Amino acid sequence: MATTKELIKNDIAKYLSQHETKDMLQLITCGSVDDGKSTLIGRLLHESQALTEDQLENAETDSIKHGTQGDSLDFALLVDGLAAEREQGITIDVAYRYFNTDQRKFIIADCPGHEQYTRNMITGASTAEAAIILVDARKGIQTQTRRHTYLASLMGIRNVVLAVNKMDLVSYAEDTFNKIVEEFNEFTQSEQLEIESSTAIPLSALNGDNLTARGTNMPWYHGSTLLSLLETMKVDQEIALNKPFRLPVQWVNRPNLDFRGFAGTVASGTIKTGDQVRVQPSGKTSSIERIVTKDGDLDRAIAGQAITLTLKDEIDISRGDIISTTETPASSANQFESTIVWMNEEPLLPGRQYLLKCGTSTSTATITDIKHEINVDTLEQIAAKTLEINNIGNCNINLDRQIAFDNYEDNRATGSFILVDRVTNETVGAGTLNFALRRSQNIHMQAVDVDKGLRSELKEQKSCVLWFTGLSGSGKSTIANIVEAKLAKEGRHTYLLDGDNVRHGLNKDLGFTDEDRVENIRRIGEVARLMVDSGLIVLTAFISPFRAERQMARALLEEDEFMEVYVETPLAVAEQRDPKGLYKKARSGDLKNFTGIDSPYEQPENPEMLVDTSSNSAEQCAEQIIRTLRERGVI
Amino acid sequence: MNTGSTDTIALNERRRLAVKLRLEGRKLKEVSELVDLSSPTIITAHKQFLKGGWEAVDVKPRGRPSGERSVPEDLLETLSSKAFARPEQNVPWSFSLLADQAKKLGADTSARTIGKYVEQWNLGADNLYKSAKSSDELTDWLTNDYKKITETARKQDSTIFWAGLTTCTLAKTKTTDKQIKKYLYAHTTKGQYLWLAADHNNDAEHFIDFFGRLLNHKPKLTVIWHGHDPMLTPATKDWLNNHVQINFYQHPQTIMNATQKIRTKSTAYATNDQHIDTQAADERQTIKNPMTLTHLQRLEAESIHIMREAVAAAVKPAMLYSLGKDSSVMLHLAQKAFYPAKPPFPLVHVDTGWKFQAMYEFRDKVAKETGLQLIVHKNIAGIDKGVNPFTHGSSIHTDILKTEALKQALDKHGFDITFGGARRDEEKSRAKERILSFRNEQHRWDPKNQRPELWNLYNTSTSPGESIRAFPLSNWTELDIWQYINQENIPVVPLYFAAERPVVLRDGAWIMVDDDRMPMNKGETPIMKQVRFRTLGCYPLTGAVESEATTVQDVIKEMLLSNNSERQGRMIDHDSSASMEKKKQEGYF
């Protein structure tokens with residue numbers, strides 16, 4: 001460092017020109033509270049002079065308040081960011097740290113080790129090129145070491161460093177170190193984890209042995225220090241260069257009529273002007289006209305650059321498409337096998353719809369099947385109907401349209417996705433596209449000559465669904481029944497799908513758990529859609545308590561074909577009516593998961609129709625609905 | 001070719017003469033001039049004489065009458081099948097080894113002839129050294145890195161081989177169908193050529209077999225690998241790690257890797273590699289792949305990506321423009337992100353009324369030059385109440401004129417996504433904030449309930465009333481910012497550079513007397529001092545540092561040599577070490 005300082009002092013221009021060519025490595029550190037992770041990071045920052053005097057001073061003050069290291073400076077306090085963490089002495093979220101050496105800039109994602117924070121580790125690992133997995137030399141390979149290694153491999157991290165810390169507490173014994181390394185190798189090999197290279201280093205973060213310098217305590221170790229290893233590792237951007245060209249289109253830039261550019265970050269590969277390209281999922285082709293940047297046009301663009309392309313031909317391209325070279329284009333499909341990490345308190349429910357964001361495309365996704373859950377500690381596959389927070393599962397997913405993609409193992413940027421809840425807008429899951437399911441390429445819609453419009457016309461009506469929702473005993477079936485009778489009298493063609501009736505046949509295999517309720521509604525939605533297609537006015541009477549499921553049914557139909565009818569009845573009134581005696585059973589605990597009692601009912605926010613049965617008779621309500629149907633031109 | 005025979009005779013006479021003259025003790029240069037032969041030729045001829053007498057000095061006639069030493073047709077197939085299989089000897093095939101085999105089969109042939117056959121069988125390869133020399137792109141690499149490699153090799157008495165993997169199509173024969181074969185090859189700069197095209201179950205096995213055999217050929221190797229990256233598997237790397245006699249470098253045009261020596265150490269082999277340590281320093285100095293993006297290029301691309309994602313999702317985006325160096329960099333990046341269009345959003349300046357005069361001047365100039373709409377917002381109610389940093393203190397001043405004003409501005413215009421220039425390295429609580437930070441209707445931040453951010457996928461969905469603060473500079477450090485300003489020549493407010501300014505010392509900080517609203521305490525008189533600012537805010541709350549730095553490079557120099565963090569000059573963070581986190585929760589940017 002002394003020489004660097006001299007250089008800064010004497011020739012800052014030269015120093016800067018040297019440092020302009022530095023590259024960047026993103027890494028993740030994982031380990032539990034007691035493995036000394038924060039100490040390790042604090043040390044790295046300190047030794048690479050990334051910490052300043054006032055930060056150190058702050059740490060010293062804090063050290064007196066919360067410190068666990070006696071008189072010496074507690075490095076952990078430098079990196080545990082949030083006040084709560086300082087007080088509890090644990091790291092509870094991902095924190096990012098930065099430091100520079102003469103070779104590289106480093107970004108460290110510091111991740112907590114507890115099981116409940118799997119999602120945090122996944123978050124940190126998603127952008128990491130290398131993982132440092134800490135173990136306490138006294139304890140050796142722990143369950144969580146296996147978990148961290150598995151998660152790193154799952155997220156496609158190529159380089160893993162096994163940092164055997166606290167060597168000072170095992171008298172710097174070579175045997176202890178070797179045993180741990182052996183056990184680790186056995187694990188990675190037996191589980192066939194996809195790790196390209198792993199390195200073990202014996203460390204004492206507290207004393208700084210083998211961190212940036214050798215020290216004298218472990219003369220038996222001849223490998224490199226942690227820092228020199230990190231400085232020489234291959235960065236992912238370099239690896240991406242040799243992969244096929246991919247540009248997920250972020251933004252169509254149209255400042256005027258003469259310019260139409262497609263802006264995005266090159267996910268992999270290289271491209272030159274004149275190269276032939278194919279746009280997925282549309283499959284249209286053209287060639288590169290210009291590679292535009294504010295600093296002037298480029299002849300060639302490479303992985304990692306943010307650019308704007310213009311094409312020779314005017315073809316339709318929008319955000320979400322991927323531009324590839326013609327020889328090796330991205331694939332396109334709408335059904336996938338994927339690995340999903342669940343990140344939300346609300347469990348994943350197969351059949352429910354989520355927004356899926358992959359690259360720059362957004363589509364609607366349904367998890368059709370959880371093939372199995374993976375126990376992250378034992379790597380066993382276990383059967384599962386849902387995924388709870390921090391669980392990982394292999395799932396089949398179905399999208400509402402074709403998207404361009406690559407398998408995750410081929411391309412991290414175009415094979416990864418997040419799932420967003422449509423109601424709360426939270427990021428509820430993250431996953432990797434493992435491969436497209438073949439059937440998605442083979443199933444095509446059968447085109448027919450007689451269509452919905454023609455069928456409706458023959459029946460002199462506009463086919464649609466009246467989706468009655470409300471508490472049990474609110475009067476859905478009664479009102480729907482009257483409405484159907486009135487329509488029939490007018491000569492309309494109708495069909496009433498009733499909750500109890502459907503459960504005796506089509507859905508007799510389903511119970512009343514949350515997952516089964518979702519599946520129940522999904523099937524009814526699909527049946528209703530077919531009936532609408534046949535030209536009928538369909539009435540459905542189901543409690544359908546979840547907003548997301550009604551939304552799912554709505555999404556199956558055209559915009560004006562779905563009419564949500566909210567049969568509003570206060571719980572107390574419904575319970576008093578209790579026509580089937582179900583509330584009584586639920587109250588006494590004989591009936592589980594009963595809507596309104598121990599399972600929630602989510603009221604519609606903007607129903608097309610609202611009928612109030614507490615102040616109107618069923619007949620009046622039915623009349624109101626018929627009136628609305630007339631107004632809307634259905635009949 | 002036979003036309004050479006008379007020349008050959010003449011040449012041999014000159015060679016013999018040269019040897020005679022050398023034996024007489026004439027100087028090499030003198031002999032060279034006399035007989036018109038180059039020095040290496042004379043040395044070789046001399047050596048040959050010492051080894052084998054006058055006979056040995058003569059060069060053999062070049063070329064031969066057709067058919068004279070060629071391999072008979074019937075032996076040729078046997079020979080070629082050998083060339084495509086593993087040799088019995090534990091070395092790779094070379095022309096001379098195959099010639100020996102031919103002789104054993106009864107064909108009188110030479111290594112040179114074999115070379116021609118090998119070429120015919122498509123088992124040859126380009127001379128990588130020659131093509132490197134003729135490539136413009138590699139000039140730098142040859143003069144710097146390759147030179148270092150050769151120097152190291154010479155010191156270690158290690159032989160340099162250029163090596164690679166290629167394929168050939170094996171023509172259909174009586175016994176086999178047409179097939180494609182992979183083969184590994186290596187050659188020296190002097191043209192010695194070795195290859196191995198045996199059947200191996202996998203590439204790694206092939207790789208290890210080949211280089212293992214090559215080690216039997218030469219005990220110390222320096223390999224410049226122009227092969228396929230997939231060959232560099234954990235198994236092959238592991239093997240390389242265990243064979244320190246091989247210095248393994250990647251050819252720069254393989255792209256896959258910088259020409260760093262590959263020492264991706266495997267766990268199984270964690271120790272006893274002395275080699276790496278002594279060379280570690282050299283290695284780290286070795287060549288960067290010219291296609292590797294620098295850290296600034298990567299940061300730039302990431303920021304642009306974030307801006308484009310946010311704008312694609314936003315209904316009404318805006319950029320908070322605070323006039324600091326970070327804002328300047330952010331604006332510069334925005335111009336790059338949407339070029340040739342203008343950034344599709346206005347700049348918002350939350351004005352406390354207490355900024356430095358120089359900042360206002362700079363602001364108006366930038367707005368004019370970029371042609372972007374500038375929205376200036378002040379908390380009028382607060383100003384009317386006479387809130388100011390002197391009587392109300394930094395905390396209330398910031399709260400009312402900054403945080404409150406910001407919320408007002410965002411509410412008034414209904415911006416759904418607002419860019420801010422905050423960096424994670426500024427302060428501990430910022431290190432945990434996401435790139436997209438969600439605020440509720442009251443603009444509050446909930447650090448315990450942040451959306452996970454994975455890969456470069458940003459969830460931009462918002463619930464009614466929610467808004468997003470987007471921080472495209474999250475991963476930049478103060479040093480990165482200044483380096484980028486230096487590299488891109490980005491204009492910044494002149495207050496960042498040292499000049500004589502009127503200041504008073506208050507609570508241990510130099511406060512600039514920027515206008516006459518600043519009341520002087522008893523005994524205070526402004527003095528002129530050469531100072532500058534590391535961060536810019538409200539002038540009464542921003543401490544100056546004594547400095548001589550008048551250029552960007554000076555500033556970087558000073559920063560690298562100083563030991564204080566940039567926010568130290570700001571009074572706002574000082575209240576308690578968790579104060580920034582508290583302010584952020586309340587809606588501060």
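Rules of the game
Residues numbered from 1 in each chain as written. Chains lettered and ligands numbered in written order. Predicted model: local features only at pLDDT ≥ 70, side-chain atom pairs only at ≥ 80, totals over all residues. Heavy atoms only, no water. Helix = DSSP H or I, 4+ residues; strand = E, 2+ residues; numbered from the N terminus. Areas by Shrake-Rupley, 256 points an atom, 1.4 Å probe, with all protein chains shown as cover. Buried < 20%, exposed > 50% of the residue type's maximum accessible area, 1.4 Å probe, protein only. Contact = heavy atoms within 4.5 Å. Pairing = 2+ DSSP bridges. Axes fitted to C-alpha atoms, helices over the stretch in contact; angles between N-to-C directions. Polar contact = N/O pair within 3.5 Å; in protein donor to acceptor, adjacent residues only side chain to side chain. Salt bridge = Lys/Arg side-chain N within 4 Å of Asp/Glu carboxyl O. Arc of directions from axis to C-beta. Parallel < 35°, antiparallel > 145°, perpendicular 65-115°, else oblique. Nonpolar A, V, L, I, M, F, W, Y, C, P; charged D, E, K, R; others polar. pLDDT = per-residue confidence, 0-100.

Our focus in this paragraph is the overall build of chain A. Tallying secondary structure elements over chain A gives 20 helices and 27 strands in all. On chain A, roughly 25600 Å² of surface is accessible, and the fraction owed to carbon and sulfur atoms is 45%.

What follows deals with the overall build of chain B. Secondary structure summary: chain B contains 19 helices and 16 strands in total. Looking at chain B residue by residue over its 589 residues, the buried ones come to 55%. Long-range contacts, defined as pairs at least 24 residues apart, comprise 66% of the intrachain contacts of chain B with a sequence gap of at least 6. Carbon and sulfur atoms make up 49% of the accessible area of chain B, which totals about 26000 Å².

This part is about the sheet that holds strand β27 (residues 609-612) of chain A. Residues and elements named next belong to chain A. With parallel pairing, the five strands of this open sheet are ordered in space as β24-β25-β23-β26-β27. The two strands at the open ends of the sheet, each matched to only one other strand, are β24 (494-498) and β27. Adjacent strand axes in the sheet meet at a mean angle of 20° when their direction is disregarded. Bridge count for β24 against strand β25 (residues 537-541) is five bridges, and the pairing is parallel. Looking at β25, one finds that Leu-496 is bridged to Leu-539. On the sheet, helix α16 (residues 514-533) packs against β23 (464-469), β24 and β25 and is oriented at approximately 150° with respect to β23.

Take Arg-412 of chain A: it is sitting in the loop between β20 (392-405) and β21 (416-421). One polar contact links Arg-412 of chain A to Asp-236 of chain A, side chain to side chain, over a distance of 3.1 Å. Of the polar contacts made by the side chain of Arg-412 of chain A, one reaches the side chain of Tyr-408 of chain A; its length is 3.2 Å. Setting aside its immediate chain neighbours within four residues, Arg-412 of chain A contacts Ala-125, Ser-126, Thr-127, Ala-128, Met-155, Gly-156, Ile-157 and Asp-236 of chain A together with Trp-455 of chain B.

So, about the pairing of β23 of chain A. Residue and element names in this part refer to chain A. Counting buried positions along β23 gives six out of six residues, so the element sits mostly inside the fold. Residues of β23 alternate between two faces, with Cys-464, Leu-466 and Phe-468 on one and Val-465, Trp-467 and Thr-469 on the opposite face, all of them buried. In this sheet, β25 lies alongside β23 in parallel orientation, the contact comprising five bridges. Across the sheet, Val-465 pairs through a bridge with Val-538, a residue of β25.

Residues and elements named next belong to chain A. For the coordinates displayed, the defined rule picks out 51 salt bridges over all chains. Between Glu-564 and Arg-554 there is a salt bridge; the shortest N-O distance is 2.9 Å. Of this pair, Glu-564 sits in strand β26 (residues 562-568) while Arg-554 sits in helix α17 (residues 547-555), and the two are ten residues apart along the sequence. Glu-564 gets classed as buried once you look at its relative accessible area, which sits at 7%.

Glancing now at helix α2 (residues 28-35) of chain B. Residue and element names in this part refer to chain B. Taken together, the buried positions of α2 are Val-31, Ser-32 and Val-35. Down the axis of α2, the buried set is contained in an arc of 100°. They therefore lie on one face. Exposed residues on α2 whose side chains face more than 90 degrees from its buried face are Lys-29, Glu-33 and Leu-34. Downstream of α2 by one or two residues, Asp-36 has phi in the positive range, about 55°.

With that out of the way, let us pick up the packing of α2 of chain B against helix α3 (residues 39-57) of chain B. A pair of packed helices is captured by two measures, namely the crossing angle of their axes and the spacing between those axes. All names here are of chain B. At a closest axis distance of 9 Å, the pairing of α2 and α3 adopts a crossing angle of 100°. One element, α2, and the other, α3, form an angle in the roughly perpendicular class. On the side of α2, the interface is formed by Leu-28, Val-31, Ser-32 and Val-35, while α3 contributes Ser-39, Ile-42 and Ile-43. Here the residues of the contact of α2 with α3 sort into five nonpolar, two polar and no charged.

All names here are of chain B. Across chain B, the average pLDDT comes to 81, with 83% of residues at or above 70. Low confidence marks residues 62-68, where pLDDT is under 50. Its contacts with residues over four positions away, or in another chain, come to five contacts. Contacts from residues 569-578, a stretch scored under 50 in pLDDT, to residues over four places away or in other chains number 29 contacts. Predicted complex, confidence summary: ipTM 0.74, pTM 0.66.

The omega angle of the peptide bond from Gln-280 of chain A to Pro-281 of chain A is 5°, so this bond is cis rather than trans. Examined against the element boundaries, Pro-281 of chain A turns out to sit in the loop between β11 (276-280) and β12 (284-292). Following Tyr-339 of chain B, the chain continues to Pro-340 of chain B via a peptide bond in cis, the omega torsion being 0°. If you trace the backbone, Pro-340 of chain B turns up in the loop between α13 (325-338) and β8 (347-350). Of note, Leu-323 of chain B is a non-glycine position whose phi angle comes to about 80°, a positive value.

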